[in-house]
Amino acid sequence: MATTTANSAQGTVTTGVPAQAAYTTGSVTSKDGTSIRYRRLGQGPGVVILHGSMESAQSHMGLALALADAFTVYLPERRGHNLPGPFRSDYNMRKEVEDLDALLTETGTHNVFGVSSGGLIGLQAALTLPAVRKAAIYEPALIVRGSISTAFLPRYDREMSGGKVAAALVTGMQAARLGPAIFNLIPRPLLEFLTTRAMQSEDTTAKPGDITMRMLAPTLHYDFALVAEMAETLATFKAVPADVLLLGGGKSPAWLKAALDALMTVLPHAQRVEFPELDHGGSSDPGATNRGGQPATVAQALRGFFA
């Protein structure tokens, strides 16, 4: 159940996100006994926001605030992301959907927004959970016709186990093609150096409650495990009964746009919106840590869809 204790939005202060945004916290227990914590703010019909890779509930506070006048917004910490315990060895998509199911059941919510790996969870939930009536999905990390490879994971794991966090993050970023085109021209040692400096700067300025790149780095393995599990499952989404809003940025990687194109051909009840000036981090809070999004812009589309 939600606590009655008021909290303020902790973390790096980013443009457009009030430093002292009030929210309450709560938790639900998933089917396997895992406790899933969440933030709650606003009033009105419920909306659950599922963050993507290298993110936490903190990453979408701006989006939540932009919706809070009309909706009760729930921001769960996906399992393993800022949770007391580590990932379980049996982690998979089913566990993520069970976590969401527990929150939907507890709160009576029927609207879900998911981004990237969180978008994959939202899609699978829309397919399998009757409680999901509307699902807004921002660039789900769905591999279609071999659009990207997850063969990099063993290298990422070796680098992480060797304490080479910056190297591992560069490996993941390059595999997902999320960096700007100029990154392809920068020597890898320089990319690792710049990533190290960015993490050091973030560690120095982090406040209590901040979720930093260094803290989130180990979770990337599990997000890409979901991507690998869901690869080439496009045809299954022909059976999604829910209304789906597909969202994406005009500046995003081609493979993510291809996934949206493909989903539009199979989803029975889908519409699509593209934001020409946004990229894969478009729904996240602005600032260096959270990729530089424009959550207020994305919120406008969500308000109409979930109304």
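Residues numbered from 1 in each chain as written. Predicted model: local features only at pLDDT ≥ 70, side-chain atom pairs only at ≥ 80, totals over all residues. Heavy atoms only, no water.

S.K.: Could you give an account of the overall build of the protein, with specific residues and numbers?
M.R.: Tallying secondary structure elements over the protein gives 10 helices and nine strands in all. Taking all 307 residues of the protein together, the buried fraction comes to 53%. Here the protein displays about 12,900 Å² of accessible surface, and carbon together with sulfur accounts for 56% of that area. (Helix = DSSP H or I, 4+ residues; strand = E, 2+ residues; numbered from the N terminus. Buried < 20%, exposed > 50% of the residue type's maximum accessible area, 1.4 Å probe, protein only. Areas by Shrake-Rupley, 256 points an atom, 1.4 Å probe, with all protein chains shown as cover.)

S.K.: I'd like a rundown of the environment of proline 76, residues and numbers included.
M.R.: With respect to the helices, strands and loops of the structure, proline 76 is situated in strand β5 (residues 72–76). Residue classification places proline 76 among the buried residues on the basis of a relative accessible area of 4%. Note: C-alpha distance between proline 76 and histidine 51 (25 residues apart in sequence) is 8.1 Å. If we ignore the near neighbours within four places in the chain, the residues touching proline 76 are Ile36, Arg37, Tyr38, Val48, Ile49, Leu50, His51, Ala57 and Leu103. (Contact = heavy atoms within 4.5 Å.)

S.K.: Account for the pairing of strand β2 (residues 22–29), with residues named and values stated.
M.R.: Pairing of β2 with strand β3 (residues 35–42) involves six bridges; the strand directions are antiparallel. Within β3, the residue paired with threonine 25 across the bridge is arginine 39. The antiparallel hairpin formed by β2 and β3 contains five residues in its connecting segment, where glycine 33 sits at a positive phi of about 95°. (Pairing = 2+ DSSP bridges.)

S.K.: Could you give an account of the packing of helix α5 (residues 165–176) against helix α6 (residues 188–205), naming the residues involved and the relevant values?
M.R.: The N-to-C vectors of α5 and α6 enclose an angle of 115°; their axes lie 8 Å apart at closest approach. Note on packing geometry: the crossing formed by α5 with α6 is right-handed. Contacts from Val165, Ala166, Ala167, Leu169, Val170, Thr171 and Gln174 in α5 reach Arg188, Leu191, Glu192, Thr195, Thr196 and Met199 in α6. (Axes fitted to C-alpha atoms, helices over the stretch in contact; angles between N-to-C directions. Left-handed = near helix turned anticlockwise from the far one by under 90°.)

S.K.: Outline the pairing of β3, listing residues and values.
M.R.: Along a regular strand, successive side chains alternate from one face of the sheet to the other. In the sheet, β3 pairs with β5 via five bridges, with the strands oriented antiparallel. From the neighbouring strand, leucine 41 faces β5, where its bridge partner is valine 73.

S.K.: Any chance you could break down the packing of helix α4 (residues 153–161) against helix α8 (residues 220–230) for me, citing the residues and the numbers?
M.R.: Here α4 crosses α8 at 170°, and the two axes come no closer than 11 Å. On the basis of the axis angle, α4 is roughly antiparallel to α8. Each of Leu153, Tyr156 and Asp157 in α4 lies in contact with α8, whose residues at this interface are Leu220, His221, Phe224 and Ala225. The class makeup of the residues in the contact of α4 with α8 is five nonpolar, one polar and one charged. (Parallel < 35°, antiparallel > 145°, perpendicular 65-115°, else oblique. Nonpolar A, V, L, I, M, F, W, Y, C, P; charged D, E, K, R; others polar.)

S.K.: Residues and numbers for the packing of aromatic side chains, please.
M.R.: The description of two aromatic rings rests on the distance between their centres and on the angle between their planes. Evaluated as defined, the whole model comprises five aromatic pairs. Note on phenylalanine 152 and phenylalanine 224: the rings are 4.8 Å apart at their centroids and 90° apart in plane angle, and the pair reads as edge-to-face. Taken together, the residues span a long stretch of sequence, with phenylalanine 152 in the loop between β7 (134–138) and α4 and phenylalanine 224 in helix α8 at a distance of 72 residues. When sorted by exposure, phenylalanine 152 lands in the same class as phenylalanine 224, which is buried. Ring centres of phenylalanine 305 and phenylalanine 306 lie 5.2 Å apart, and the angle between their planes is 50°; this geometry places the pair in the tilted category. According to the relative accessible area criterion, phenylalanine 305 is buried, its value standing at 8%. Joined through ring pairs, the aromatic side chains of Phe71, Phe305 and Phe306 make up one cluster. Sitting over the ring of phenylalanine 305, lysine 134 keeps its end group 5.4 Å from the ring centre. (Phe/Tyr/Trp six-rings, centres within 6.5 Å; stacked < 30°, edge-to-face > 60°. Lys NZ or Arg CZ within 6 Å of the ring centre and 35° of its normal.)

S.K.: Account for the environment of serine 161, with residues named and values stated.
M.R.: Relative to the helices and strands, serine 161 resides in helix α4. Classification of serine 161 by relative accessible area gives exposed; the value is 66%. Residues serine 161 and proline 218, spaced 57 residues apart in sequence, show a C-alpha to C-alpha distance of 9.5 Å. A polar atom in the side chain of serine 161 sits 2.9 Å from the backbone oxygen of arginine 158. (Polar contact = N/O pair within 3.5 Å; in protein donor to acceptor, adjacent residues only side chain to side chain.)

S.K.: Explain a nonpolar patch on the surface to me, using residue names and the numbers behind them.
M.R.: Together, Leu190, Phe193 and Leu194 line one region of the surface with nonpolar side chains, adding up to about 270 Å² of accessible area. Summarising the element assignment, phenylalanine 193 is placed in helix α6. Accessibility expressed as a relative area gives 44% for phenylalanine 193, which makes it partly exposed. (Patch = residues over 30% accessible without salt bridge, like charges linked within 9 Å, V, L, I, M, F, W, Y side chains within 5 Å. Salt bridge = Lys/Arg side-chain N within 4 Å of Asp/Glu carboxyl O.)

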